[in-house]
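The chain contents come next:
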Amino acid sequence: MDVSKPAVELTAIAKSFGAVRALSGVDLILEPGECLGLVGHNGAGKSTLMHVLAGTLKADSGSLKIAGEDVSQAFSAAGASAHGIRCVFQELSLCPNLTIAENVRIVHRALKGFGWKAKAHGLIRQKLDEIFPGHGIDVDQEAGDLNIGQRQMAEIARAFTITDEPLRVVILDEPTSSLDAVTAKQLLTFMRQEVARGVSTILISHLLADVLDHCDRIAVMKDGKVVAERRAGQFTRNSLVAAMGTTVEKKNTPAAGSRKAAISAARAVEATPQTAPKAGNLVVHKGEIVGLAGLAGHGQTRMLIQIFDGARKSSALTRVEGKVAFIAGDRQSDGIFNLWSIGENTTVSSLEDLKRGPLIAAEREAEMARDWKERIQIRTPDMNNNILTLSGGNQQKALFARTLGSKADIVLMDDPMRGVDVGTKLEVYDMIRQEAGRGRSFIWYTTEIDELSHCDRAYIFRDGAIVAELGPDELTEDKVLHASFAESA
Amino acid sequence: MDALVLNRKTLRALLPLFSLAIVLFATFYAQPRTMSYFGLNLMLQYAVPIALATVAQMFVITVNDLDLSIGPFVGLIGCIGATYLHDTPLLGIAALVACIALYAAMAALIYLRNLPSIVVTLGASFVWLGIAVLILPSPGGKASDWLKAIMSLQVPVVPFPIVAALAIAALVHVGLMTSAYGVIMRGTGGNPRAMARAGWSELKTKMAMYALAGVFGVLSGLSLIGLTTSADAHIADRYTLYAIAGVILGGGEFVGGRVSPFGAVLGALTLALAGSFLIFMRISPDWQIGAQGAILIIVLALRAIISTGEARR
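Residues numbered from 1 in each chain as written. Chains lettered and ligands numbered in written order. Predicted model: local features only at pLDDT ≥ 70, side-chain atom pairs only at ≥ 80, totals over all residues. Heavy atoms only, no water.

Caption draft 1: Structural context of the interface of chain A and chain B. Contact with chain A, which involves 24 residues of that partner, is made by 23 residues of chain B. For the pair chain A and chain B, the summed buried area comes to about 1,800 Å², and 50% of that belongs to carbon and sulfur atoms. Summed over the three residues of chain A that lose the most area to chain B, namely N97(A), R105(A) and I106(A), the buried surface amounts to 28% of that side. The tally of links from chain A across to chain B stands at two salt bridges. For R258(B), the salt bridge goes to E142(A), with nearest N and O atoms at 2.4 Å. If you look at where chain A meets chain B, you find 12 residue pairs in polar contact (both at pLDDT 80 or more). Counting only elements with at least two residues in the side of chain A that touches chain B, the list comes to helix 2 (77-82), helix 3 (100-107) and helix 4 (116-131) of chain A. (Contact = heavy atoms within 4.5 Å. Buried area = accessible area lost by both parts, 1.4 Å probe. Salt bridge = Lys/Arg side-chain N within 4 Å of Asp/Glu carboxyl O. Polar contact = N/O pair within 3.5 Å; in protein donor to acceptor, adjacent residues only side chain to side chain. Helix = DSSP H or I, 4+ residues; strand = E, 2+ residues; numbered from the N terminus.)

Caption draft 2: Seen up close, the sheet that holds strand 11 (residues 267-271) of chain A. Residues and elements named next belong to chain A. Spatially, three strands are ordered 12-11-14 in an open sheet, and the strand pairing comes out antiparallel. Bordering the open sheet on either side are strand 12 (282-285) and strand 14 (318-320), each of which pairs with just one other strand. Strand-to-strand twist across the sheet, computed as the mean angle between neighbouring axes with direction ignored, equals 10 degrees. Along the sheet, helix 10 (residues 300-312) contacts strand 11, strand 12 and strand 14; its crossing angle with strand 14, the most-contacted strand, is approximately 60 degrees. (Pairing = 2+ DSSP bridges. Axes fitted to C-alpha atoms, helices over the stretch in contact; angles between N-to-C directions.)

Caption draft 3: Spatial organisation of unusual backbone geometry. If you check the backbone angles, Q377(A) has positive phi at about 50 degrees while not being a glycine. Looking at the element boundaries, Q377(A) is found in the loop between helix 13 (362-376) and helix 14 (392-405). Look at Q377(A) and you get partly exposed, because its relative accessible area is 46%. A positive phi angle is found at N64(B), which is not glycine, with a value near 65 degrees. (Buried < 20%, exposed > 50% of the residue type's maximum accessible area, 1.4 Å probe, protein only.)

Caption draft 4: Region of interest: the nonpolar core. The biggest cluster of nonpolar side chains holds 101 residues, and the ones touching the most others in it are I106(A) and I218(A). Not counting residues within four places of it along the chain, the set of residues in contact with I218(A) comprises L36(A), G37(A), V39(A), V211(A), L212(A), A228(A), E229(A), R230(A), A232(A), F235(A) and L240(A). Counting residues in hydrophobic clusters, the runner-up holds 88 residues, among them I61(B), I80(B), A132(B) and V259(B). (Core = buried A, V, L, I, M, F, W, Y, C linked by side-chain atoms within 4.5 Å.)

Caption draft 5: Layout of the pattern of salt bridges. All names here are of chain A. Tallied over the entire structure, the rule returns 27 salt bridges over all chains. We note a salt bridge from E288 to R457, for which the minimum N-O separation is 2.8 Å. Highlighted residues: E288 in the loop between strand 12 and strand 13 (289-294) and R457 in strand 20 (residues 457-462), separated in sequence by 169 residues. By relative accessible area, which is 12% here, R457 ends up buried. The partner of K407 in a salt bridge is D353, and the shortest N-O contact between them spans 3.2 Å.

Caption draft 6: Region of the structure containing the packing of helix 4 of chain A against helix 5 (residues 148-160) of chain A. Residue and element names in this part refer to chain A. Put simply, helix 4 and helix 5 touch, their axes get as near as 9 Å, and they point 110 degrees apart. The orientation of helix 4 relative to helix 5 falls into the category roughly perpendicular. Packed against helix 4, whose contacting residues are I124, K127, L128 and I131, the element helix 5 presents M153, A154, A157, R158 and F160 at the interface. Of the residues belonging to the contact of helix 4 with helix 5, the class tally is seven nonpolar, no polar and two charged. (Parallel < 35°, antiparallel > 145°, perpendicular 65-115°, else oblique. Nonpolar A, V, L, I, M, F, W, Y, C, P; charged D, E, K, R; others polar.)

Caption draft 7: The side chain of E155(A), seen in detail. Residue and element names in this part refer to chain A. Tracing the backbone shows E155 in helix 5. Reaching out from E155, the side chain makes a polar contact with the backbone nitrogen of S93 at a distance of 2.9 Å. When residues no more than four places from it in sequence are discounted, the contact partners of E155 are V88, F89, L92, S93 and L94.

Now the structure itself:
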């Protein structure tokens, strides 16, 4: 291994998904035998960058050098592996129907011919023993039969096994998210040992203490760029959080006073997360807009679904007064009906009110569609066109119209602004405020901290529990980030 | 707790064997004279083509697809085997190779255009049938003598169909369940994204699996006409459902790359026997398909009960 050249050198890497710029010119250098910490808020581009480095996504532009060799022209997952780059992805990559030993074979082309199974066995068992002494994993078990922590351990150990290909860089994307404190410590200790042996690692984690204590250098990403990069010793928890956030600028936030009048004392929803029944509960009043925040995937969507279910069948943990409606953030899978027209997509929640006798009155349905086209300004010449003729933002508007047009008292929103342009967002924000003024309650999960300024209050989620409640004057990026990241690892 | 889990797993793995044993003993009970070398040979003679078609289907199910064209495909192979392969062997072999290539091409179409496999294979089934009717408009043709010779092979003690079926299962087991490349094929069914991330081409794997399905479809068709000595375009129409049922009876699952070659072959034997059993029970042919369906439902219900127990632990 050539020690004089950087293990990995990324220059001006850019990547867009449609109109969304995930990476806008990232420069990053990883020295041999160095541990680089990579931090940033949701959607900062960390995972996309790692996919580019692992060869599973192709960058639109920019250059990628591994040990001084320019590989940007033809790079693939197999090529990355041949150059000694291994990645433990955030969403685990084991095949559940294969045993752990068989899963090792998948990443090692050299494991074949007679006796490959015995070799794979030896490799993974030895590595598991080395990294996680006392792991208790049977490598002949199918991956699907292991619990998530064991799967994560197996996948990490797999990334460090060596056959004929060199081991140069290991990327660990949230490796400790399913590990308990003891195994997490084992992993981080092992990681330092490997670094001392000359392997470079990239550690992505939202546990800032882990990153501060175990990395040599820390790079902070924001909006698809590296915005700060220093030795780990030069960061503190506070300066790291500050580097991740924007300079807080006041937006056209509505005066809190004007909204207060609209909120009644009556409670619309009371719920305690099933995942953490002891930590704290959530209360929503009639006419209130309540935000759910925190890092993505920490129980916010589960809370929304719990409330949704609670409206049909109340439970000890959930009490809901009134009808609920759900606006999906993942339009493609949970929101639109692909084959239906815009009008049909808009009216489907209100069909009960559009009936004449047992049948749907076509003219009333068309009237409702026309009405909402005006009110929410869906940009289409004809509501009878297929929903897919609309842009993403306008599809989302149709979903808003579907919900607002229904008789729901409580509207649950699952990060509904994903991929929606700024103009549409502003229109929708206005509409949410108007509807809240009429007594509807909104529970709004958002990954964009700016959007919280439209909420009256917000709950911060971490590991499935509500860890903080922030009032209207506390909804700053700084406070939200502080509450989102665990105090201690 | 571990012992219990193991028990349930073993139980589920043994279920195909139990179902076969039950149907076998029921047949012996209904008609004791079948409990002989000759009786078994007669009852199970069609098990070989069914087992081969079932294995073909299993390859497709391994990569999370479903092949609705295997029956008519076997019929087409039968027609080619009874005409070209008999009259002009070179042309016949070329035609069979072309059929296998078409199967692989079907996989490429399904993968590249992101089409549902059931739609493509359903469409293909009419194509196979159409070609078969063009080749052999009315039942007839002649199977080659070597095919007939192979299929009427006599082995001592254990009837040939049983030996052949177990040999097929063992061969496929080694290839799919224990070989290094078999892991890649099953992994593609289990988690295609993980396979792509490890640098394996899903397109290549799918094409390989469909090509293997084609190969076993060809073997099924040839072994079938080796038994019947002549062919008909519709000779194997029922095989499509037999093959799917056999895989599922044998413990395979529609998605997730969980399949079992031994199970699939046992499932095929069970279905072949169930036909004879129902005849001995004097159930009219009109009701036979329904009765076979009932057997399938019972076995699947048993499996579901075992699985729920597993999930509840």
